[in-house]
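# Per-entry structural report
Residues per chain are reported as follows:
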Amino acid sequence: MSTTPREPYVDYLRAVSLVVVVLWHWAFTILRWTPDGPQPTNPLGFFSGLWIFTWLLQVLPLFFYVGGYVHLVSWQHALARGDRMRHYVWKHVKQLLVPASALILTWAVLGIVLGTVFDLHWIRGAVMLIISPLWFIAVYLGLLVLLPVMLWLHERFDIIVLVFFGGIAMLVDIARLRYGYQWAGWINMAAVWGLAYQAGFFYRRIVEAPRRVDLALMWAGLFALMGLVFSDLYPGSMVGVPGQRLSNMAPPTFVIVALLTFQIGFAEATRPVVERLLSRPRWAHVLGVFNRFALPLFLFHTTGMALARGVVYAVYGGVISDDRAPDWVWWAERPLAVLGPLLFTIPVILIFGRHWIRPPAPPDLAGRSRHES
């Protein structure tokens, strides 16, 4: 693993993005058991109005944005050392592809064996639920493979690339929602996430821009979100909710472009507060721990969750299906819903994931923002 100095605020955004996803899965996954296996849902399907929180808690747009910036800077350092693009891309692809593939293969084999030996008809659905969060790693790897193309577009057309990605996303939504070409929606897997990744190439410009630019991005994104959602063309939730006619994430809609704009502005508007916290040794240490374990935590968090649920089911003598709306007892149990999977995930990481734990790296003091001066 590279020990290139990193900018603390970038590390913060990346760590928060992954940790929020993990905590969401642990705390808010509700399982209904069917003959085909567990069917997940979440509290958003039971309460009206909670979807507004997903405007901050759906952090994948921010993750792809930070990923674009990190790869740009990392490639610039590699280029200065004389590395070739294909070697750089393959090295970073392997860092994600090897652990993700090993995890998928392990669960696939385990599912086949358990299903055959114990005649478990639901095991396929359970395995799919465990490995399904890895979908975004596949998209991330695709963007990494396309890094040479992305860089060429950035150098040749600059900000016009973002305009065209956004335009494509809107046209795809029109084709899909107005004219019924549902297959076209999957084009947005490249257009929307490509836009978020490409936006990361502009990270340094955004950081160095006047503070009013941060506020303009935040409010423009927020107003766009409000207009799109309250027009009743798109659902308000930024995560999938079973029973809704449309999901903003699968495949992504133009709403995610608005969400990305809002989150970039929000991240920059709140930067001074966060950087003051990160300047304290205690919080800097916490951030360092999060970043060291972020990748293996994400990779194995559903494995830990499955093991924790399995123990609960064994204690109660069978699976527990959540067939009612969450009550106050369910909400009070949310800390336990996080603690249980965490206790099972930690040993899995220590046994199988130590190779992918990031080594500690010194902060990039030269990369401080305008807000620190």
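All of these numbers come straight from a predicted model, not from anything done at the bench. Residue positions are given per chain, counted from 1 along the sequence in the order it is written. Whole-chain, interface and lining totals are the exception, using all residues; otherwise, since this is a predicted model, local features are given only for residues with pLDDT of at least 70 and side-chain atom pairs are given and counted only at 80 or more. Only hydrogens and water are set aside; all other atoms, that is, all heavy atoms of the structure, feed into the side-chain values.

## A short note on the overall build of the protein chain
This is how the line gets drawn: Runs of E in the DSSP output that reach at least two residues are strands. Runs of H or I that reach at least four are helices, and both are numbered from the N terminus. For every residue, the accessible area obtained with a 1.4 Å probe (protein chains only) is divided by the maximum for its type, and the residue is called buried under 20%, exposed over 50%, and partly exposed between those limits. We call two residues in contact when some of their heavy atoms are within 4.5 Å. Note on areas: Shrake-Rupley with a 1.4 Å probe; residue coverage comes only from the protein chains shown.
Scanning the protein chain for helices and strands turns up 16 helices and two strands. Seen through its C-alpha atoms, the protein chain measures out along the principal axes to roughly 60 × 50 × 40 Å. Within the protein chain, the proportion of its 373 residues that are buried is 47%. Taking contacts inside the protein chain between residues at least 6 apart in sequence as the whole, the part at least 24 apart equals 81%. Of the roughly 19,200 Å² of accessible surface on the protein chain, 69% is carried by carbon and sulfur atoms.

## Some details on a nonpolar patch on the surface
Heads up, the rule is: Here a patch means residues that are over 30% exposed by relative accessible area and free of salt bridges, tied together within 9 Å if like-charged and within 5 Å if nonpolar (Val, Leu, Ile, Met, Phe, Trp, Tyr). When a carboxyl oxygen of Asp or Glu is within 4 Å of a side-chain nitrogen of Lys or Arg, the pair counts as a salt bridge.
A surface patch of nonpolar side chains, about 760 Å² in accessible area, is lined by Ile168, Leu171, Ile174, Tyr179, Tyr181, Trp183 and Ile187. Along the chain, the position of Ile174 falls in helix H8 (residues 160-178). You can call Ile174 partly exposed: its relative accessible area is 37%.

## As for the pattern of salt bridges
Per the counting criterion, the structure on display carries seven salt bridges. A salt bridge links Arg271 to Glu7; the nearest nitrogen and oxygen atoms lie 3.3 Å apart. Separated by 264 residues along the polypeptide, Arg271 in helix H13 (residues 271-278) and Glu7 in the segment before helix H1 (8-28) bring together distant segments of the chain. Of the two residues, Arg271 and Glu7, neither departs from the other in class, the shared state being buried. A salt bridge links Asp158 to Arg205, with the nearest nitrogen and oxygen atoms 2.4 Å apart. Note that Asp158 is positioned in the loop between helix H7 (147-157) and H8 and Arg205 in helix H10 (residues 203-208), a separation of 47 residues in sequence. The class of Asp158 is partly exposed, set by a relative accessible area of 25%.

## Quick word on the side chain of Thr345
Looking at the element boundaries, Thr345 is found in helix H16 (residues 334-352). Each residue touching Thr345, except ones within four places of it in the same chain, is listed here: Trp26, Leu297, Phe300, His301, Gly304 and Met305.

## Let's talk about the packing of helix H4 (residues 85-118) against helix H14 (residues 281-316)
As a reminder, the rule being used: Whenever a helix is involved, its axis is fitted only over the stretch in contact; in every case the axis is a line through C-alpha atoms, and angles between N-to-C directions fall within 0 to 180 degrees. Here the word oblique covers every angle except those under 35 degrees (roughly parallel), over 145 (roughly antiparallel) and from 65 to 115 (roughly perpendicular). Only Asp, Glu, Lys and Arg are considered charged, only Ala, Val, Leu, Ile, Met, Phe, Trp, Tyr, Cys and Pro nonpolar, and every remaining residue, Gly among them, polar.
Running from N to C, H4 and H14 point in directions that differ by 10 degrees, and their axes come no closer than 10 Å. Here H14 runs roughly parallel to H4, going by the angle between their axes. Judged by residue contacts, Gln95, Leu96, Pro99, Ala100, Leu103 and Trp107 of H4 engage Leu295, Leu299, Phe300, Thr303 and Ala306 from H14. When grouped by side-chain class, the residues that make up the contact of H4 with H14 number nine nonpolar, two polar and no charged.

## Description of the nonpolar core
Under the convention used in this document: Nonpolar core, defined: a set of buried Ala, Val, Leu, Ile, Met, Phe, Trp, Tyr and Cys residues in which side-chain atoms within 4.5 Å join the residues together.
Ranked by internal contacts, the top residues of the largest apolar core, which has 95 residues, are Tyr65, Ile137 and Trp193. For Ile137, the residues in contact, after removing those within four places along its chain, are Leu96, Ala100, Phe298 and Leu299.

## Details of the environment of Phe64
Mapped onto the secondary structure, Phe64 falls in helix H3 (residues 60-80). In this view, Phe64 contacts Phe136, Val139, Tyr140, Leu143, Trp193, Ala196 and Tyr197; residues no more than four positions away in its chain are not counted.

## A few points about the pairing of strand S2 (residues 37-41)
For the record, the criterion: At least two DSSP bridges between two strands are required for those strands to pair.
Sheet topology places strand S1 (residues 30-34) next to S2; five bridges connect them, and they run antiparallel. The residue of S2 that forms the bridge with Leu31 is Pro40. Counted along the chain from S1 to the antiparallel partner S2, the turn is two residues long.

## Let's talk about the confidence of the model for the protein chain
Threshold: Per residue, pLDDT captures the predictor's confidence, and it can take any value from 0 to 100.
Averaged over the protein chain, the pLDDT score is 89; the fraction of residues at 70 or greater is 92%. Within the model, pLDDT remains below 50 along residues 363-373, and this stretch shows 28 contacts once partners closer than five positions in the same chain are excluded.

## With respect to H3
The condition is simple: A helix is expected to span 1.5 Å for every residue after the first.
Between the first and last C-alpha of H3 there are 30 Å, a value that for 21 residues agrees with the 30 Å anticipated at 1.5 Å per step. Positive phi appears at Gly82, one or two residues downstream of H3, with a value of about 95 degrees.

## Details of the packing of aromatic side chains
Test applied: A pair of aromatic rings is counted whenever rings of Phe, Tyr or Trp (Trp by its six-membered ring) have centres within 6.5 Å, and the orientation is called stacked for planes under 30 degrees apart, edge-to-face for over 60 and tilted otherwise. Whether a charge lies above a ring is judged from NZ of Lys or CZ of Arg, which has to be within 6 Å of the ring centre and within 35 degrees of the ring normal.
Under the defined criterion, the tally for this structure stands at 27 aromatic pairs. For the pair Trp330 and Trp331, a centre-to-centre distance of 4.9 Å together with 90 degrees between the ring planes defines the contact as edge-to-face. The exposure class assigned to Trp330 is buried, which follows from its relative accessible area of 11%. An aromatic cluster is defined as three or more aromatic residues linked by ring pairs; in this entry it consists of Phe63, Phe64, Trp135, Phe136, Tyr140, Trp193 and Phe298. Of note, Arg178 hangs over the ring of Tyr179, and the distance from its end group to the ring centre comes to 5.0 Å. In this structure, Arg334 is placed above the aromatic ring of Trp330, and the distance from its NZ or CZ to the ring centre is 3.8 Å.

## Structural notes on the packing of H14 against H16
Relative placement of two packed helices is described by the angle separating their axes and the distance separating the axes. So the rule is basically this: In a left-handed crossing the near helix is turned counterclockwise from the far helix by less than a right angle, and in a right-handed crossing that turn is clockwise.
Packing of H14 against H16 brings their axes to within 7 Å, and their N-to-C directions diverge by 125 degrees. Taken together, the axes of H14 and H16 are oblique relative to one another. H14 and H16 meet at a crossing whose hand is right-handed. Within the contact between the two elements, H14 uses Phe293, Pro296, Leu297, Phe300, His301, Thr303, Gly304, Met305, Leu307, Ala308 and Val311 and H16 uses Gly340, Pro341, Phe344, Thr345, Val348, Ile349 and Phe352. Here the contact of H14 with H16 is built from residues that sort into 13 nonpolar, five polar and no charged.

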